[in-house]
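# Residue-level structure breakdown
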Amino acid sequence: MKHILFTVILLTLGGCASWPDEGQGGWAEKYQNYPLTDEQHEMIYDTQETVVLSEFQHHVLKLDLLKAQGIKQCMPAQLLKAQIYENRIRRLIAAQMWSDAEHDLLIHYHGLNQLAKHFETVNAMSQCAGGTRSEVTMTASLKDQISELLNSDNQFSLNDFQVTPKYLTRLAQAADLIKQVDAVDLLLVGHADISGQQQNNYELALKRAETVKHWLGIYGVNPATITTLTQGSLTPYSDEPDSRSKRHSDRRVEAIIIDMNEEKSTKQSHALSSWTKILNGPKEQ
């Protein structure tokens, strides 16, 4: 018994000596700048109020898209139930009961996903909405919403091409809407701030665009409809005097939505394919 106790004490004491020296890595180095300041926290995460309002707006648009696809003809009772729950959350928001609204939004999120899958199955079997579930033509408001989500601020940290948690949420929301729209291509242009060498900035900016493409693909957007380019640090976000906040905004991916149903869509498609060809190599003679 004494031998076992001595061994446990020895292992415990020996474990302390196994941590790397300062500057050599380890969890402590990862969190050496914590706790975050209010400014740093706001750059990475949203406040509860902002999250609730953003999520609610997103869910309202999702339900509107289901209506446009004809869910009322197939499942009027389930649609009414979803609308009643949406109004319940709207009242909670009006009363500024953010925690209760956030809880109900989570339930509403899963309910809408189940409703969409159920609608697709029922419509495929009965053609109650006119056959297979139709895609929605992109409206100006829907295009603005997708663009706002994809081009939101605070996307990347310094010298990093991994998206922030805040931007990852925006990408998930944007993908949810893009999948409901017919004939849309995306052009993702990566950018970097002016710090660092120009060649490195080109590579970093392209990695950022590719990361956004990767996550949109994970969330169900067809990668074949997405083209990535890099501008490096050539085109800053604004002409304001150089500052930390400006540089943070320069670390971004600019998303350009190309609606193939619009007029001159053939020219837009040709221009997009030409950019891709230039990116992949010299033009053929």
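Residues numbered from 1 in each chain as written. Predicted model: local features only at pLDDT ≥ 70, side-chain atom pairs only at ≥ 80, totals over all residues. Heavy atoms only, no water.

### Things to note about helix α10 (residues 198-218)
For α10, built from 21 residues, the straight-helix expectation of 30 Å at 1.5 Å per residue is met to within 8% by its first-to-last C-alpha distance of 30 Å. For α10, the full list of buried residues reads N201, L204, A205, R208, A209, T211, V212 and L216. Projected down its long axis, α10 carries its buried residues within an arc of 150°, all on one side. As for α10, its buried residues are in contact with α8 (140-150), α9 (165-178), β1 (184-191), β2 (226-232) and β3 (253-259). Following α10 by one or two positions, G220 has its phi on the positive side, about 105°. (Helix = DSSP H or I, 4+ residues; strand = E, 2+ residues; numbered from the N terminus. Expected span 1.5 Å × (residues − 1). Buried < 20%, exposed > 50% of the residue type's maximum accessible area, 1.4 Å probe, protein only. Arc of directions from axis to C-beta. Contact = heavy atoms within 4.5 Å.)

### Focus: the sheet that holds β2
Reading across the sheet, the three strands line up as β2-β1-β3 and stay open at both edges, with mixed pairing between neighbours. Each having just a single partner strand, β2 and β3 make up the two edges of the open sheet. Direction aside, neighbouring strands of the sheet carry axes that sit 20° apart on average. With six bridges connecting them, β1 and β2 associate as parallel partners. Bridging across to β2, L188 finds its partner in T228. Across the sheet, α8 touches β1 and β3, and the angle it forms with β3 is around 160°. Lying on the sheet, α10 is in contact with β1, β2 and β3; it crosses β2 at an angle near 155°. (Pairing = 2+ DSSP bridges. Axes fitted to C-alpha atoms, helices over the stretch in contact; angles between N-to-C directions.)

### With respect to the packing of aromatic side chains
If you walk through the whole model with that rule in mind, you get two aromatic pairs. Over the ring of Y85 we find R88, and its NZ or CZ is 5.9 Å from the ring centre. (Phe/Tyr/Trp six-rings, centres within 6.5 Å; stacked < 30°, edge-to-face > 60°. Lys NZ or Arg CZ within 6 Å of the ring centre and 35° of its normal.)

### Observations concerning α9
Between the first and last C-alpha of α9 there are 20 Å, a value that for 14 residues agrees with the 20 Å anticipated at 1.5 Å per step. With ten of 14 residues buried, α9 is to be regarded as a mostly interior element.

### Points about the nonpolar core
In this structure, I146, L150, L188, V212 and L216 are the most contacted members of the largest nonpolar core, which totals 26 residues. Counting only elements with at least two residues in this core, the list comes to α4 (48-68), α8, α9, β1, α10 and β3. Ranked by the residues each element gives to this core, the list is headed by α9, at six residues. Apart from the residues within four sequence positions on either side, L150 is in contact with Q155, Y167, L171, A174, I178, L186, L216, V253 and A255. L63, C74, M75 and A82 belong to the second-largest nonpolar core, a separate cluster that totals eleven residues. (Core = buried A, V, L, I, M, F, W, Y, C linked by side-chain atoms within 4.5 Å.)

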